[in-house]
Amino acid sequence: MSTPVKKVPIHLQSAQNRLLIKNGKVVNDDGIIDSDVYIEDGIIRQMGRNLIIPGGTRIIDARGKYVMPGGIDPHTHFEFEFMDTKTVDDFYQGTKAAVAGGTTMIIDFVVPRKEESLVEAYERYRQNADQKVCCDYALHVAVTSWSPKVKEDMATLTKTCGVGSFKMFMAYRDMLMLRDPELIESFKACKELGAVAMVHAENGDIIAENAQKLLDAGVTGPEGHEMSRPEEVEAEAVNRACVIANQVNSPLYITAITSKVASDVVSAKRSEGAVVFGETLASAVGIDGSEQYGKDVERARRFVTNPPLRPDPTTPAYLTEGLAQDNLQVIGSDNCTFSAEQKALGKDDFTKIPNGVNGVEDRMSVLWEKGVHAGIMDPQRFVAVTSANAARIFNLYPRKGVIAVGSDADIVVWDPNRKRTISAETHVQAVDFNIFEGMEVTGVPEYVIVNGRVCVDECELKAVHGFGRYVNTEPFGTFVYDMINEKEKRPRGVARTEAEAKRHAEEDAAIAKAKEAARAAAARANQTNGTHESPKPKLQPISCMPTLPDSAVVTPSTKGPRMEGQRNLQDSTFSISEDVEEARRACIRVNNPPGGRSAGGFW
């Protein structure tokens, strides 16, 4: 493990606090524009052409590159104590690997120890992470039991600790699993607190029954893991979670979808109007699960994770298509790394193999290769599923997830044509193998900027130990809770008298008036055309220079076939004669959800 790079003293930071990215194509989830981006003190201060900037500003020439929001990985497990061991990637090495791959924020999961309160577990994670993280981070908190004290802790975490999401497990019986009555209460608590309810969706009782049946039959190898957790067991739990959440009108985020049928359930429920978001994983779109059935048992153990990677070779492309078509909204990594030695703890019993694989470092490149380079999704959708949607769902937008004036300067300058081969010999993570070993990917972060600091510089990693900050994910995020409020209905019986009918009509009118007032307030807030405004930077009046292009700029390109009817976004070239005011426009904020109504068959 390399020696951590220490923080730079304040008096030495002035030169690196100002940065200009020139000649790139700025990609947000709602469009691509030609724009320069000026950064000062970790914030995007100006966008457009012909900017007036102070002398001494470092300039990055992004010609032929995409300038995109840094990735947000909403699903990591660093320093996670699980199955009698602990993940090998700590908060330093894990976030350093994230930055190397183009991810500039992670959201990890606080999982309490037995007899440890949620607040105590949260404080332990903060103590572990704060001095190590190389990029910003937030925390989800797992609810692994139910009691009045748990509900009280959830309120404390939401109101005073910046926790806006709680995860419930429907699997891991006798360890982490909640049953339906507890799910109902926890979802209701999330709704009351303005938090996002999350679930790991697998039927834990069926899994326990299947696992024992397989062990009794002499099946002890890693193939038993996937055999005990077939796709319909995942899909049943996804459907059940959606029904419970819909009945209590709680938002729901399904983590780690790995099967086609589970993806179909999410799509069907969303088409019915449920406020549910689906997350798949880099591992699930990058490879299939056939290696678990290979003859090399040591290698097979490396691919064991939950829910399992599916042996069906068509699953990765199906899930990638699901991301492209908005049947799924987010891609995470579920980075939960155990060494080959730790995986061998289950050499005689597949139920004892520590569950988890890598992904935080390779998530962006794997999806670019399988999605954009393959012609399945465009760069805007790539930004949506790797950054913007997570920012909206977890109430980080527009501070994160968008390149706009006033947003944090978490930026990736992406080379769509550079290739690299993934290997454990060259990756940054601490784990001693890589499930994507030998995969050639097209699409590499040439520069990664974290809070205005260049942490990957011409593909050279310069991550800074402890540079990241804890970021609150405040409750009642408008993106999620506007949809919840639209669905809110007051229970009432049949109006059997004229007086009751009149009262119902008056209630309906009052509700409609309140919703209209809320929409009008939102419209007034967006009168700046969706720009995330910030105070004007105080610039020195001397040694200023315009950011006129030096020459014609090469347009980025991504290879691979386009799907029929899909617009080719790479056919255009830059023009230095374009209207200046048009080029100054910040990216337009989209009020529609990343979801929308998707078509899809029910499982």
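Residues numbered from 1 in each chain as written. Predicted model: local features only at pLDDT ≥ 70, side-chain atom pairs only at ≥ 80, totals over all residues. Heavy atoms only, no water.

*Asks:* Tell me what's going on with the side chain of glutamine 342, and back it up with residues and numbers.
*Replies:* Along the chain, glutamine 342 falls in helix α12 (residues 340–343). The class of glutamine 342 is buried, set by a relative accessible area of 12%. Reaching out from glutamine 342, the side chain makes a polar contact with the side chain of threonine 85 at a distance of 2.6 Å. Setting aside residues up to four positions removed in sequence, glutamine 342 forms contacts with Thr85, Lys86, Val88, Thr337 and Pro354. (Helix = DSSP H or I, 4+ residues; strand = E, 2+ residues; numbered from the N terminus. Buried < 20%, exposed > 50% of the residue type's maximum accessible area, 1.4 Å probe, protein only. Polar contact = N/O pair within 3.5 Å; in protein donor to acceptor, adjacent residues only side chain to side chain. Contact = heavy atoms within 4.5 Å.)

*Asks:* Describe the pattern of salt bridges, naming the residues involved and giving the relevant values.
*Replies:* All chains considered together, the criterion is met by 39 salt bridges. The salt bridge partner of glutamate 446 is lysine 65, with a shortest N-O separation of 3.5 Å. Taken together, the positions of glutamate 446 in strand β20 (residues 440–450) and lysine 65 in the loop between β7 (58–61) and β8 (66–69) put the pair 381 residues apart, joining distant regions of the chain. In this structure, glutamate 446 and lysine 65 share a single accessibility class: buried. Notably, a salt bridge pairs aspartate 408 with arginine 469, separated by 3.5 Å at the nearest N-O pair. Remark: arginine 469 occurs in the loop between β22 (460–461) and α15 (478–487) and aspartate 408 occurs in the loop between α14 (379–393) and β19 (411–421); sequence separation between them is 61 residues. Since its relative accessible area comes to 7%, aspartate 408 is described here as buried. Residue arginine 469 is classed as partly exposed on the basis of its relative accessible area, which comes to 35%. The network of salt bridges with shared partners includes Asp136, Arg399, Lys400, Asp408, Asp410 and Arg469. (Salt bridge = Lys/Arg side-chain N within 4 Å of Asp/Glu carboxyl O.)

*Asks:* Which residues make up the UniProt feature "modified residue: N6-carboxylysine" (unreviewed entry) in the chain, and what values go with them?
*Replies:* Residues given the UniProt feature "modified residue: N6-carboxylysine" (unreviewed entry) here are Lys167. Its place among the elements puts lysine 167 in strand β14 (residues 165–169). When near neighbours in sequence (up to four residues on either side) are disregarded, lysine 167 contacts His75, His77, Phe109, Val141, Ala142, Val143, Met198, Val199, His200 and Thr255. (UniProt positions renumbered as here; feature names shortened; annotations may be inferred.)

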